[in-house]
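Structural description and commentary
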Amino acid sequence: MSEDIDLQESPPEVQFAGVNRWLRENLFSSTGSTILTFISIAALVGLFRSIIGFFISPEREWTAITYNLRLYMVQAYPESDFGRVWITVGLVIGLLGLTWGFNTVNEKVLVKSILTNLLKVFASLTLLVIIAPTNVVIDKVEGTTVEVLQSSLRFYLVGVFLVATLISFFARTRFYKQSVVKDYVSLFYVGLLVLAVWLIRVPTVTFDSSNVRIEPDPLLPLAASTKTPWTALYVLLIGMFLIGRILNSRQVTVLKRVIPVSWLLTPLIVVTWIYRKPDFTMGQIASIDLPLIIGFSLVGYLAINYLNTESLVKYQRYIVYGTLLLSVVVYTLPVMRQVKLLLFLFWILVTVAPTVANSKETARSLFITWTVATAIIVLLMRGGTSESLIVVPGSSIYGGFALTWLLAFFGIAISFPFGVMLALGRTSTFPIIRIICTAIIELVRSVPFITWLFFGSVMLTLFLPKGVEFDEVVRAIVVTSIFSASYLAENVRGGLQSINKGQFEAADAVGLSTVQRITLIVMPQALRAVIPPIVSQVISLFKDTSLVAIVGLFDLLYIGSKVIPNQSQGANFLGTIQENILFCAIFYWIFTYSFARRSMKIEKRLGLGER
Amino acid sequence: MTAIQAIDVKKWYGDFQALKGITMNVAEGEVLVIAGPSGSGKSTFIRCINRLEQHQDGQIIVDGIELTNDLKNIEAIRSEVGMVFQSFNLFPHLTVMQNITLAPIWVRKKSKAEAEEKAMELLERVGIPEQAEKYPGQLSGGQQQRVAIARALAMEPKIMLFD
């Protein structure tokens, strides 16, 4: 073996052949490609000229966006309760920091590659300033033009960007070996964004004391009223990142379970407690909820520890049926919904406890899980079933990006497991399950999404028992999830079919059970194979949330396309539809593109070793 | 003591008869090689022994248990019969080490450390201990075959089948 290693040679270094040769080989290799290159460059320059002209034309009323950022984010949520919105954002950002810090691998990145990226950015900016139009047409009929970019300003900008380009170019040759931890670079970029909130000034609509708009619009810092919270959140992000790193280095492995559970719980806590501002007193919690939690926890303790004792094991069947009967009876009685739900869960506990809790440790962890789950369910339902103190004009307290986010998060979180189950059901050999799953998938995806939204909004109440009413947002979430799940199921089924029959046989041959075969062998490979279509599905779900406007919900796009272009009181933004639609497009693009990039990285990491 | 006993085993694929009444005994510790032209039913027969295929007539008795339709403990039998496939069928999403330790951990309920120790021992026996953390896709055909053998041996089976 050692002789082999001695014979190893390092591969020859690949020489970069130089710009000239690259150009000759790739852009001007023949007459045809030369012509094509020139035509494409001309087309691109023309396109970018008109886009830049559109952005900087004096006709554009960009204040429509800066003035309405709050409307875009939370719609009509009352200002006195904005603290609740910030707590929500803080929870998500804190959890993000913790997850990031805990899972960081301290991956290093070459300073050179960062500088290469900067070089590209600055060089593109230089080019954009150079090709920007001097005049733009403001009246198509008369052909009136107006100067939008003075040559002095253009020279100034080109100078600045060119210097930045050159600095990054020379720095790139200087620091070609040094590397930095990637996470710090990312945190630094986020810091730049926060700094931009303080420093970048944009035209803003202001009013004088008699409520008349001051002309011209003064330049004020972007997000003037929210810069302090954003800075605080940035500090929180860094703090949680560091905490996560410390906990990771101390091997606090319990976080591996805590973090995913927190990600699932946070939105629920936000929806039931924080955002709704539920109306309840501490007395209600102390007198109703606490006894309920303690009671069910005690009964659970008894069930876990004594059902598998010899004297009771032979009555196991009767106890299970008795509990089921009890919960069905209680369901029809007018008692609190908490009790109804907990009784059904207790029935499941009674069914599984004797087999699961077969040792002291498993009994203990089952008891802890049961108690915590009971407490969470009772407390969440307390928040969710109490009257909301937030009053907004219109039907829902959710609007703008808050609604888009909510629909997308729950849509994805619910549709994913549901879709996987549908796919497994459809490929199952058990006929009833297969037929039901196939029927659901085929029915759901053969009817347009908008039709299902109408169905959820108008007709669902006809199918539900009397007195059961759901919030419009809940219905939209349910419809979105089911619709998305049926598409997802077909994607996953494709993945299942791509798996070689030999994998099933190998899993069988080593003696894995059916469940083990699916969770350990089949599903990991199937999901890996279909990451690209699943990502497409998630992206399209995110964008499809804009369709809920049709059932009267005010999502981001509806505000941009209908609400703001109709504002005529205070600031007059009538007809600013172009600016607003463009803003919405950029907003959606930032989210979907960063998601796509992220998933591409995951795909690369998972694909490791599969040649 | 006989490990495998086959009595007049018959098997059809549609109208085509693949196994035409095979009767044989394999004793414990015996090494038996079945040779023959392609398509003569060697693989079919070996796959009947651990029930990846079902025979339609006759009897197969493995380790004292007859393979029939109402076989409830099929997983238990399979864990006693190791199999190395023609095309190896390694799990591509798991490393060599995970490939070998998967079944001992999940089926035999061994601890991870114990299973890994055993796996390392087996990898040394087949001569590729340095490949433990690689994925099957990064190995050559011969190395993959060794991993497949180590995976089957890791369950400490009473019977080994090589297809």
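Not measured: the values here are computed from a predicted model.

**Digging into the overall build of chain B**
For chain B, the count of helices and strands is five helices and six strands. Helices and strands in chain B line up, N terminus first, as β-β-α-β-β-α-β-α-α-α-β. Against the 2.2 N^0.38 benchmark of 15 Å for 163 residues, chain B shows a C-alpha radius of gyration of 17 Å, consistent with a compact globule. Expressed as lengths along the three principal axes of its C-alpha atoms, the size of chain B is roughly 45 × 30 × 30 Å. Across the 163 residues of chain B, 33% fall into the buried class.

**Looking at the overall build of chain A**
Helices and strands together make up the secondary structure of chain A, namely 24 helices and six strands. The dimensions of chain A, computed from C-alpha atoms along their principal axes, are 95 × 90 × 50 Å. Put simply, chain A has 611 residues, and 22% of those count as buried. For chain A, contacts bridging at least 24 residues in sequence account for 76% of all contacts bridging at least 6.

**Thoughts on the sheet that holds strand β3 (residues 57-62) of chain B**
Residues and elements named next belong to chain B. Taking strand neighbours across the sheet as the criterion, the four strands line up as β2-β1-β3-β4 in an open arrangement whose pairing is antiparallel. The open sheet terminates on both sides in strands that have one partner only, identified here as β2 (16-27) and β4 (65-66). Relative to β4, β3 runs antiparallel, the two sharing two bridges. Counted as the bridge partner of Ile61 is Glu66 from β4.

**Some remarks on the interface of chain B and chain A**
Interfaces are frequently sized by the accessible area removed from exposure as the parts join. Facing 21 residues of chain B, the contacting portion of chain A comprises 19 residues. Every element with two or more residues in the side of chain B that touches chain A is listed here: α2 (74-80) and α3 (96-106) of chain B.

**Observations regarding unusual backbone geometry**
A negative phi holds for most residues other than glycine; trans holds for most peptide bonds. Residues and elements named next belong to chain A. Despite not being glycine, Gln75 has its phi angle at roughly 55°, a positive value. Exposure remark for Gln75: the 25 C-beta atoms within 10 Å place this residue in the buried category. The backbone of Lys277 sits at a positive phi, close to 50°, despite the residue not being glycine. Along the chain, Lys277 falls in the loop between α10 (255-274) and α11 (282-306).

**Re the environment of A:Gln150**
For A:Gln150, the location among the structural elements is in the loop between β3 (144-147) and α7 (151-174). Spatially, the C-alpha atoms of A:Gln150 and A:Thr134 are 7.0 Å apart, while their sequence positions differ by 16 residues.

**Some words on the confidence of the model for chain B**
All names here are of chain B. Mean pLDDT over chain B stands at 89; residues scoring 70 or higher make up 98%. The weakest mean pLDDT in chain B belongs to α2 at 81; the strongest belongs to helix α5 (residues 141-153) at 94. In the predicted assembly, ipTM is 0.92 and pTM is 0.84.

**Structural notes on the nonpolar core**
Residue and element names in this part refer to chain A. Ranked by size, the top nonpolar core spans 96 residues in total, and within it Leu403, Leu406, Leu407, Ala476 and Val492 carry the most contacts. A total of 11 residues in this core trace back to one element, the largest contributor, which is helix α19 (residues 472-497). In contact with Leu403, other than residues within four places in its own chain, are Tyr398, Val473, Leu553, Phe554 and Asp555. Within the second largest apolar cluster, 16 residues are counted, among which are Leu342, Phe346, Val350 and Ala353.

**Details of the domain arrangement of chain A**
Taken domain by domain, chain A holds domain 1 (17-56), domain 2 (78-250), domain 3 (280-386) and domain 4 (398-611). On a C-alpha basis, the centres of domain 2 of chain A and domain 3 of chain A stand 51 Å from each other.

**Here we look at helix α4 (residues 112-125) of chain B**
At 3.6 residues per turn, the α-helix brings residues three or four places apart onto the same side. Residues and elements named next belong to chain B. Relative to the 20 Å expected for 14 residues at 1.5 Å per residue, α4 spans 20 Å between its end C-alpha atoms, a close match to the ideal helical length. Where α4 is buried, its residues meet α3 and α5. Gly127 occupies a position one or two residues after α4 and carries a positive phi of about 85°.

**A few points about the packing of helix α14 (residues 337-356) of chain A against helix α15 (residues 360-385) of chain A**
Residues and elements named next belong to chain A. For the pair α14 and α15, the least separation of the axes is 11 Å and the interaxial angle reads 170°. Relative to α15, the element α14 is oriented roughly antiparallel. Note on packing geometry: the crossing formed by α14 with α15 is right-handed. Touching Arg337, Gln338, Leu341, Leu342, Leu349, Ala353 and Val356 of α14 are Thr362, Leu366, Trp370, Thr374, Ile377, Val378, Met381 and Thr385, all from α15. Along the lines of polarity and charge, the residues of the contact of α14 with α15 split into 10 nonpolar, four polar and one charged.

**A closer look at the environment of B:Ala150**
Residues and elements named next belong to chain B. Inspection of the secondary structure puts Ala150 in helix α5. Among the residues examined, Ala150 registers 25 C-beta atoms within 10 Å and is labelled buried. Residues Ala150 and Ala115, 35 residues apart in the sequence, show an inter-C-alpha distance of 12 Å. In contact with Ala150, other than residues within four places in its own chain, are Ile100, Ala119, Leu122, Leu123 and Val126.

**Some words on the pairing of strand β1 (residues 2-13) of chain B**
Residue and element names in this part refer to chain B. Sheet analysis places β1 next to β2, joined by nine bridges and oriented antiparallel. Bridge assignment links Trp12 to a residue of β2, and that residue is Gln17. Between the end of β1 and the start of β2, which pair antiparallel, lie two residues, with Gly14 showing a positive phi angle near 65°. Where β1 and β3 come together, five bridges link them in antiparallel fashion. Within β3, the position partnered with Ala6 by the bridge is Ile60.

**Comments concerning the environment of B:Leu52**
Along the chain, B:Leu52 falls in the loop between α1 (42-49) and β3. Separated by 26 residues in sequence, B:Leu52 and B:Arg78 have C-alpha atoms that sit 9.5 Å apart. Residues contacting B:Leu52, with those up to four places away along its chain left out, are A:Glu505, A:Asp508, A:Ala509 and B:Arg47.

The rules behind these values
Residues numbered from 1 in each chain as written. Chains lettered and ligands numbered in written order. Predicted model: local features only at pLDDT ≥ 70, side-chain atom pairs only at ≥ 80, totals over all residues. Helix = DSSP H or I, 4+ residues; strand = E, 2+ residues; numbered from the N terminus. Rg over C-alpha atoms; globule rule 2.2 N^0.38 Å. Buried ≥ 20, exposed ≤ 12 C-beta atoms within 10 Å, placed from the backbone. Contact = placed C-beta atoms within 7 Å. Pairing = 2+ DSSP bridges. pLDDT = per-residue confidence, 0-100. Core = buried A, V, L, I, M, F, W, Y, C linked by C-beta atoms within 7 Å. Domains from an automatic or database assignment. Expected span 1.5 Å × (residues − 1). Axes fitted to C-alpha atoms, helices over the stretch in contact; angles between N-to-C directions. Parallel < 35°, antiparallel > 145°, perpendicular 65-115°, else oblique. Left-handed = near helix turned anticlockwise from the far one by under 90°. Nonpolar A, V, L, I, M, F, W, Y, C, P; charged D, E, K, R; others polar.

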